[in-house]
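Now for the letters of each chain:
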Amino acid sequence: MSDIDAQLKSICKSFCISGDYVDSEELKIGNVNKTYKVTFCNLEGAFESYIVQAINGFAFHNPEQVMHNIDLVTKHIRSKASEQSVPYFHHTAEQKPFMFDGERYWRACDYIPSHTFYTCDNGSIMRETGRAFGRFQRQLEDFDFSKLFETIPNFHNTPKRLETLFANAKSDPCGLAKSVQPELNYIASVRDEACLLTQMLEDGKLPLRVTHNDTKINNLLFDQNKHKVLAIVDLDTVMPGLVAHDFGDAIRYAANRVAEDSPDYEKAGCDLTMFRAFTEGFLSQTSAILTETEIGTLALSPFIMAVELASRFLDDYLIGNRYFNINYPEHNLTRARCQLALAHDLKQKQPRMQAIVHECLRLIER
């Protein structure tokens, strides 16, 4: 048995998972945590698989708070007995949803056989994606967000994200700032518009809700045959936030004509057909609970999220790629350039996107 197999076996036993250890497979998913699929043979001779993750301590400085939030939110959603659920996270003998091995925090949840999409050009799938993230909002409408920790302070505080970017560009720890001056100039030129959601929150114009904060389509587990969402995953960033951030991030990722890290970033842009489909699905679940002001921010939110993500990718590139997992040295720079190309396209399409939101809303209200 290899060292990692022995370690994973021990971790699973800490979570009271019974049976005989069979094998493990590292899953190359997500930009942050280390993830494994671990399989056991239970007492009846059936194979059962689990997802075991090492929580990224640089991204999440207090993993215990992360798991506190996940534990409360998953229990609340499961109590709704909905067709859409969340993974079940196992607890240790001390009833903790995590374990610490002296170096890293680990967690374990049930593996759900499913299909995952990384891109989408199918309107029905995109509509189901919108319904799924909208349903998440509806399921948690009656949850007291004050019970949750802010696991990453200022996670969607765009002004602070930009302040950090420009400060690191000025200090230039890796000597890379000069090579990305055009990107920095564009972000500076749209700074006020990109900070609008944060300003509205500070002015008391938008309410806080429980938000997912990482609403990429690949964080949905789809039925392998029916293209229905079984569960929402990757709940690390669940905390109080703005609904527009969840809406905007979903569009930023899934309605882009190219992948988030495509080197063909000049082809980036928002597919309005996919935007409409997602909006129809999302509002079908949320139109009755959102305020008029919240609905008014939806069309702008993808642009804001594209700029914010571009600033985060670019900042990580400038400081030596410390946050996001990368496959090559310029990976974060490619991501940033792709997001900025998307932001440029989204800015031009604002009037049409705003009209689509209101068209979808009228159809739902009939």
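Quick note: structure is the one above.
Draft legend 1. Spotlight on the overall build of the chain. Tallying secondary structure elements over the chain gives 13 helices and 9 strands in all. A compact globule built from 366 residues should have a C-alpha radius of gyration of about 21 Å, and the chain, at 21 Å, falls within 12% of that. Taking the principal axes of the C-alpha coordinates as reference, the chain spans close to 60 × 55 × 35 Å. By sequence separation, contacts in the chain at least 24 residues apart represent 72% of the contacts at least 6 residues apart. Of the roughly 16,100 Å² of accessible surface on the chain, 49% is carried by carbon and sulfur atoms. Positive and negative charge centroids in the chain, built from 39 and 49 side chains respectively, lie 3 Å apart.

Draft legend 2. Looking closely at the packing of aromatic side chains. Taken as a whole and judged by the stated rule, the model has 12 aromatic pairs. Summarising the aromatic geometry, the rings of F247 and F278 are spaced 5.4 Å apart at their centres and angled 70° between planes, so their arrangement reads as edge-to-face. Linking F247 in helix α8 (residues 243-254) with F278 in helix α9 (residues 272-286), this pair joins segments that are 31 residues apart in sequence. Seen in terms of ring centroids, F247 and F282 are 5.3 Å apart; in terms of plane orientation they differ by 70°. Their pairing is edge-to-face. Residue F247 is located in helix α8, and its partner F282 is located in helix α9; the two are separated by 35 residues in the primary sequence. When sorted by exposure, F247 lands in the same class as F282, which is buried. By way of ring pairs, the aromatic residues F247, F275, F278 and F282 are connected into one cluster. Between the NZ or CZ atom of K37 and the centre of the ring of Y111, over which it lies, the distance is 4.3 Å. When the ring centre of Y253 is taken as origin, the NZ or CZ atom of K216, which lies over that ring, is 5.8 Å away.

Draft legend 3. View of helix α1 (residues 3-14). Relative to the 16 Å expected for 12 residues at 1.5 Å per residue, α1 spans 17 Å between its end C-alpha atoms, a close match to the ideal helical length. The complete set of buried residues in α1 reads D5, L8, I11 and C12. An end-on view of α1 places all buried positions within 125° of arc, on one side of the element. Next to the buried residues of α1 lie β1 (20-27), β2 (34-41), β3 (47-54), β4 (99-100) and β5 (105-110). Downstream of α1 by one or two residues, C16 has phi in the positive range, about 65°.

Draft legend 4. Focus on the packing of helix α12 (residues 331-348) against helix α13 (residues 350-365). At their nearest, the axes of α12 and α13 sit 5 Å apart, and the two run at 65° to each other. In this view, α12 runs roughly perpendicular relative to α13, as classed from their interaxial angle. Contact residues: L346, K347 and Q348 in α12; Q350, P351 and M353 in α13. When its residues are assigned to classes, the contact of α12 with α13 shows 3 nonpolar, 2 polar and 1 charged.

Draft legend 5. A look at α8. Compared with the 16 Å implied by 1.5 Å per residue over 12 residues, the 17 Å span of α8 between its first and last C-alpha is a close match. Within α8, 12 of the 12 residues are buried, which leaves it mostly tucked inside the rest of the structure. Among all positions in α8, only V243, A244, H245, D246, F247, G248, D249, A250, I251, R252, Y253 and A254 are buried.

Draft legend 6. Up close: the sheet that holds β4. Reading across the sheet, the 5 strands line up as β1-β2-β3-β5-β4 and stay open at both edges, with antiparallel pairing between neighbours. Of all the strands in the sheet, just β1 and β4 have a single pairing partner and so form its edges. The pairing of β4 with β5 spans 2 bridges and is classified as antiparallel. The residue bridging M99 from the neighbouring strand is W106, located in β5.

Draft legend 7. Region of the structure containing the pattern of salt bridges. Within this structure, the stated rule accounts for 15 salt bridges. Across the pair K216 and D214 runs a salt bridge whose closest N-O atoms are separated by 2.6 Å. As far as the burial class goes, K216 and D214 line up, both buried. Of the charged contacts in the structure, one is a salt bridge between R252 and D249, with a shortest N-O distance of 2.6 Å. Here D249 and R252 lie together in helix α8, a separation of 3 residues that amounts to about one turn. Each of the two residues, R252 as well as D249, counts as buried. A single network of salt bridges, built from pairs that share partners, joins D249, R252 and E260.

Draft legend 8. Highlighting a nonpolar patch on the surface. Among the surface-exposed residues, F145, L201 and L208 lie close enough to one another that they form a single nonpolar patch of about 200 Å² accessible area. With respect to the helices and strands, L208 occurs in the loop between α7 (196-202) and β6 (209-211). Taking the relative accessible area as the measure of exposure, L208 reaches 33% and is therefore partly exposed.

Calculation rules
- Starting afresh in each chain, residues are numbered from 1 along the sequence in its written order.
- Local features in this predicted model are restricted to residues whose pLDDT is 70 or higher, and side-chain atom pairs enter the listing and the counts only when it is 80 or higher, whereas totals over whole chains, interfaces and linings include all residues.
- No hydrogens and no water enter the side-chain calculation; it runs on all heavy atoms of the structure.
- Under the DSSP-based scheme used, a helix requires at least four consecutive residues in state H or I and a strand at least two consecutive residues in state E, with every element numbered from the N terminus.
- Between the two quantities, the radius of gyration covers C-alpha atoms and the globule rule is 2.2 Å times the number of residues to the power 0.38.
- Two residues qualify as a contact provided that any one of their heavy atoms is within 4.5 Å of a heavy atom in the partner residue.
- Accessibility throughout is a Shrake-Rupley quantity obtained with a 1.4 Å probe, and a residue counts as covered only by protein chains that appear here.
- Within this scheme the basic residues Lys and Arg register as positive and the acidic residues Asp and Glu register as negative, but His and the chain ends are omitted.
- Think of each charge as sitting on NZ of Lys, CZ of Arg, CG of Asp or CD of Glu.
- Two rings from Phe, Tyr or Trp (for Trp, the six-membered ring) form a pair when their centres sit within 6.5 Å of each other. Planes less than 30 degrees apart are called stacked, planes more than 60 degrees apart edge-to-face, and all others tilted.
- Burial here depends on accessible area, computed with a 1.4 Å probe over protein chains only, as a share of the maximum for the residue type. Under 20% is buried, over 50% is exposed, and the range in between is partly exposed.
- We count a charge as sitting over a ring when the NZ of a lysine or the CZ of an arginine lies within 6 Å of the ring centre and within 35 degrees of the ring normal.
- For a helix, the expected span equals 1.5 Å multiplied by the number of residues minus one.
- To be clear, the arc concerns the directions from the helix axis to the C-beta atoms.
- All axes here are fitted lines through C-alpha atoms, helices being fitted over the stretch that makes contact, and every angle between N-to-C directions spans 0 to 180 degrees.
- Here the word oblique covers every angle except those under 35 degrees (roughly parallel), over 145 (roughly antiparallel) and from 65 to 115 (roughly perpendicular).
- Classification convention: Asp, Glu, Lys, Arg as charged; Ala, Val, Leu, Ile, Met, Phe, Trp, Tyr, Cys, Pro as nonpolar; all other residues, Gly among them, as polar.
- Pairing between two strands requires that DSSP report at least two bridges joining them.
- Just to be clear on terms, a salt bridge is a Lys or Arg side-chain nitrogen sitting within 4 Å of an Asp or Glu carboxyl oxygen.
- Without a salt bridge and with relative accessible area above 30%, a residue can belong to a patch; like charges are then joined within 9 Å and nonpolar side chains (Val, Leu, Ile, Met, Phe, Trp, Tyr) within 5 Å.

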